[in-house]
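Here are the chains, one letter per residue:
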Amino acid sequence: AQTVTQSQPEMSVQEAETVTLSCTYDTSENNYYLFWYKQPPSRQMILVIRQEAYKQQNATENRFSVNFQKAAKSFSLKISDSQLGDTAMYFCAFMKPGSFGNEKLTFGTGTRLTIIP
Amino acid sequence: DGGITQSPKYLFRKEGQNVTLSCEQNLNHDAMYWYRQDPGQGLRLIYYSQIVNDFQKGDIAEGYSVSREKKESFPLTVTSAQKNPTAFYLCASSPGFDYGYTFGSGTRLTVV
């Protein structure tokens, strides 16, 4: 079974600074997908970024980027120019491709990020 | 706008009673999922459904039941057999093809 580990339960950073959230995972699969989800105080889960394991290029979405190290099984999220609206719980998630509809997400325990004004 | 609607947002029930959480989507997604969220434990999969009239147990299915009579709807029943039902419940759907999930806004269930 796959496991996802987020070793930083809480982090805080000053507004406009850059912050990196760590995530490691354990799998014997060669092809898979990794995700970062954001859960703000409203508790709505929002997809931040997605990475396909067979792509060497790191995914980016505006101020959000990842550092994907496949050999090390590491998938960190970097938030640049952090904003107050980035305050949220961040979850790293792993998906093993399967038959249609059988693609289950396995989540880490989350990192609570607070942006300080 | 397309999305997933979970209702109610807050639900209170007495111990020993069954309760049903609603999840409706208009995204035309075939796959739907139920997750439970507890502090410090992330999200854990309860049940999922790939197609109408078919569903599979997830990692923590004991004490829960589901149905999938329509593509748009995937209700979750928390039965009296669930030993610790107080939690935040999230419903999600997916078009498949490894695009990740779209989540509802969740239901906070409190059993007293």
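Residue numbers restart at each chain and count upward from 1, following the sequence in its written direction. Ligands are numbered from 1 and chains lettered from A, in the order in which they are written. Totals for whole chains, interfaces and linings use all residues, but because this is a predicted model, local features are given only for residues with pLDDT of at least 70 and pairs of side-chain atoms are given and counted only at 80 or more. Working from all heavy atoms in the structure, the side-chain values ignore hydrogens and water.

This part takes up the sheet that holds strand S3 (residues 19-25) of chain B. Residue and element names in this part refer to chain B. Pairing is antiparallel across the open sheet formed by four strands, whose spatial order is S1-S3-S8-S7. Edge positions in the sheet fall to strand S1 (4-7) and strand S7 (64-66), since each of these pairs with one other strand and no more. Averaged over all adjacent pairs, the angle separating strand axes in this sheet is 20°, with direction ignored. Strands are labelled as partners when DSSP assigns at least two bridges between them. Helix and strand labels come from DSSP, where a helix needs a run of H or I of at least four residues and a strand needs a run of E of at least two; each type is numbered from the N terminus. Alignment of S1 against S3, held across four bridges, turns out to be antiparallel. Its bridge partner being in S3, Thr5 is matched across the sheet by Glu24. Where helices are involved, their axes are fitted lines through C-alpha atoms of the stretch in contact, as for all axes, and angles between N-to-C directions lie from 0 to 180°.

With that out of the way, let us pick up the nonpolar core. All names here are of chain A. The set of buried Ala, Val, Leu, Ile, Met, Phe, Trp, Tyr and Cys residues whose side-chain atoms join them within 4.5 Å is what this entry labels a nonpolar core. Exposure classes here rest on a 1.4 Å probe applied to the protein chains alone. A residue is buried below 20% of its type maximum, exposed above 50%, and partly exposed in between. Grouped together as the largest cluster of nonpolar side chains are 25 residues, with contacts concentrated most on Tyr25, Trp36, Phe75, Leu77, Tyr90 and Leu113. Those elements giving two or more residues to this core turn out to be strand S3 (19-21), strand S5 (33-39), strand S6 (46-52), strand S8 (64-69), strand S9 (74-79), strand S10 (88-95) and strand S12 (111-116). Residue contributions to this core peak at four residues, all from S10. Contacts: residue pairs with any heavy atoms within 4.5 Å of one another. Aside from chain neighbours lying at most four places away, what touches Leu113 is Met11, Val13, Val19, Leu21, Ile79, Asp86, Thr87, Ala88 and Tyr90.

Let us look at the pattern of salt bridges. Residue and element names in this part refer to chain A. Within this document, salt bridges are pairs made up of a side-chain nitrogen of Lys or Arg and a carboxyl oxygen of Asp or Glu, the two lying within 4 Å of each other. Applying the stated rule across the entire model yields eight salt bridges over all chains. A salt bridge links Asp26 to Lys73; the nearest nitrogen and oxygen atoms lie 3.9 Å apart. A residue pair is termed long-range when its members are at least 10 positions apart, and Asp26 in strand S4 (residues 24-26) and Lys73 in the loop between S8 and S9 qualify at 47 residues. Under the relative-accessibility criterion, Asp26 is labelled partly exposed at 42%.

A separate point is the environment of Tyr33(B). Residue and element names in this part refer to chain B. Inspection of the secondary structure puts Tyr33 in strand S4 (residues 31-37). Take Tyr33: its relative accessible area is 0%, and that puts it in the buried class. In the structure, Tyr33 is positioned 70 residues away from Phe103 in sequence and 9.1 Å away in space, judged by C-alpha atoms.

A few words now on the interface of chain B and chain A. The parts lose accessible area when they come together, and the size of an interface is often stated as this lost area. Counting from both sides, the interface comprises 25 residues of chain B and, opposite them, 23 residues of chain A. Summing the contributions of chain B and of chain A, the shared interface buries around 2000 Å²; its carbon and sulfur component is 54%. A 3.5 Å cut-off defines polar contacts: any pair of N or O atoms within that distance qualifies, except that in protein one atom must be a possible hydrogen donor and the other a possible acceptor, and neighbouring residues in sequence count only when both atoms are side-chain atoms. For the pair chain B and chain A, the number of links is seven residue pairs in polar contact (both at pLDDT 80 or more). Secondary-structure elements contributing two or more residues to the side of chain B that touches chain A are S4, strand S5 (43-51) and strand S9 (87-94) of chain B. A class-by-class count of the residues in the side of chain B that touches chain A yields 13 nonpolar, nine polar and three charged. Summed over both partners, the accessible area lost on bringing two parts together, with a 1.4 Å probe, is the buried area. We call Asp, Glu, Lys and Arg charged. Ala, Val, Leu, Ile, Met, Phe, Trp, Tyr, Cys and Pro are nonpolar, and the rest, Gly among them, are polar.

Turning to unusual backbone geometry, a few remarks are in order. Cis rather than trans, the peptide bond between Ser7(B) and Pro8(B) has omega equal to -10°. With respect to the helices and strands, the residue Pro8(B) is situated in the loop between S1 and strand S2 (10-13). Its identity is not glycine, yet Arg43(A) carries a phi of approximately 75°, on the positive side. Locating Arg43(A) in the fold gives a position in the loop between S5 and S6. You can call Arg43(A) partly exposed: its relative accessible area is 29%. Although it is not a glycine, Lys73(A) sits at a positive phi angle of roughly 55°.

What follows is about the packing of aromatic side chains. A pair of aromatic rings is counted whenever rings of Phe, Tyr or Trp (Trp by its six-membered ring) have centres within 6.5 Å, and the orientation is called stacked for planes under 30 degrees apart, edge-to-face for over 60 and tilted otherwise. Summed over all chains, the structure comprises 18 aromatic pairs over all chains. Ring geometry for Phe91(A) versus Phe107(A): centroids 6.3 Å apart, planes at 90°, classification edge-to-face. Here Phe107(A) lies in strand S11 (residues 105-107) and Phe91(A) lies in strand S10, a separation of 16 residues in the sequence. For the pair Phe91(A) and Phe107(A), a shared accessibility class is recorded, and that class is buried. Ring centres of Phe107(A) and Phe103(B) lie 6.3 Å apart, and the angle between their planes is 65°; on these two criteria the pair is classed as edge-to-face.

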